[in-house]
Amino acid sequence: DVKVTQSSRYLVKRTGEKVFLECVQDMDHENMFWYRQDPGLGLRLIYFSYDVKMKEKGDIPEGYSVSREKKERFSLILESASTNQTSMYLCASSPNRLYNSPLHFGNGTRLTVT
Amino acid sequence: AQSVTQLDSHVSVSEGTPVLLRCNYSSSYSPSLFWYVQHPNKGLQLLLKYTSAATLVKGINGFEAEFKKSETSFHLTKPSAHMSDAAEYFCVINNNDMRFGAGTRLTVKP
């Protein structure tokens, strides 16, 4: 079974801090995604990656960056955390660029910025 | 850019009655479409996916969806709602970047 592991379930950070959210998948998937989930807004795509060292902006990349140095790991970075980045963050992976590949999700990281 | 619009933010049905959750899509290409479900405080689970092999797609737990190109729709249905169906449902479109709708919260009354 595919496992997508997010390093923290809950995280509390202060405004202005640099925050790292880590995601690791164990099935050699090519694609990895970062979403944030907010009530009434669904899941919004922040960044995604098709391969090592490759990244693409999603719908809401402002205030975020990503890193994919190894195929199994996709990190989301909040350069300077702000209160409006308080949210549930979900990492996902899929096997390849075939259009019908479903996503496999991690359990999420609930980030609170105070 | 491709996108999906879920037409109802909240749907309430009685147990045993049909469920209809509506999703319209916008895409320049033949889309790949999915429905996911999220139960309270749980992770996201794939319900079904459309892969162009058949316009009527059957998923888990008795759900199905019909792809209608003329109406650019991919509505999710179930003949008879069960209490355990109460959850949030997301329509998703994929053209190498998986984009979610805003979600529809389904409430099932006894």
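Attention here is on the structure that accompanies the text.

Cut-off values and rules
Residues numbered from 1 in each chain as written. Chains lettered and ligands numbered in written order. Predicted model: local features only at pLDDT ≥ 70, side-chain atom pairs only at ≥ 80, totals over all residues. Heavy atoms only, no water. Helix = DSSP H or I, 4+ residues; strand = E, 2+ residues; numbered from the N terminus. Rg over C-alpha atoms; globule rule 2.2 N^0.38 Å. Buried < 20%, exposed > 50% of the residue type's maximum accessible area, 1.4 Å probe, protein only. Contact = heavy atoms within 4.5 Å. Phe/Tyr/Trp six-rings, centres within 6.5 Å; stacked < 30°, edge-to-face > 60°. Lys NZ or Arg CZ within 6 Å of the ring centre and 35° of its normal. Buried area = accessible area lost by both parts, 1.4 Å probe. Salt bridge = Lys/Arg side-chain N within 4 Å of Asp/Glu carboxyl O. Polar contact = N/O pair within 3.5 Å; in protein donor to acceptor, adjacent residues only side chain to side chain.

1. Some points on the overall build of chain B
Within chain B one finds 0 helices and 12 strands. When the helices and strands of chain B are listed from N to C terminus, the series reads β-β-β-β-β-β-β-β-β-β-β-β. Relative to the 2.2 N^0.38 estimate, which gives 13 Å for 110 residues, the radius of gyration of chain B is 13 Å and therefore close to what a compact globule would have. For chain B, the spread of C-alpha atoms along the three principal axes comes to 40 × 25 × 20 Å. Burial statistics for chain B: of 110 residues in total, 44% are counted as buried. Contacts spanning at least 24 positions in sequence make up 56% of the contacts within chain B whose residues lie at least 6 apart.

2. Things to note about the packing of aromatic side chains
Counted according to the given criterion, the structure contains 15 aromatic pairs over all chains. Taking the centre distance of 4.1 Å and the plane angle of 15° together, the rings of B:Tyr50 and B:Phe67 count as stacked. With a gap of 17 residues between them, B:Tyr50 in strand β6 (residues 44-50) and B:Phe67 in strand β8 (residues 64-68) connect regions that are remote in the sequence. B:Tyr50 gets classed as buried once you look at its relative accessible area, which sits at 5%. Every member of this aromatic cluster is reached through a ring pair, and the members are A:Phe33, A:Tyr35, A:Phe48, A:Tyr50, A:Phe105, B:Phe34, B:Tyr36, B:Phe90 and B:Phe100. One residue, A:Arg9, lies across the ring of A:Tyr10, its end atom 5.7 Å from the ring centre.

3. What to know about the interface of chain B and chain A
The interface is formed by 18 residues belonging to chain B together with 21 residues belonging to chain A. Between chain B and chain A, the buried area comes to about 1600 Å², and carbon and sulfur atoms account for 52% of it. Linking chain B to chain A there are 1 salt bridge. Across the salt bridge formed by B:Arg99 and A:Asp59, the nearest N and O atoms sit 2.8 Å from each other. Put simply, chain B and chain A have 5 residue pairs in polar contact (both at pLDDT 80 or more) between them. Of all the elements in the fold, those that place two or more residues in the side of chain B that touches chain A are β5 (32-38), β6, β10 (87-94) and β11 (98-100) of chain B. In terms of residue count, β5(B) provides more of the side of chain B that touches chain A than any other element does, 4 residues in total.

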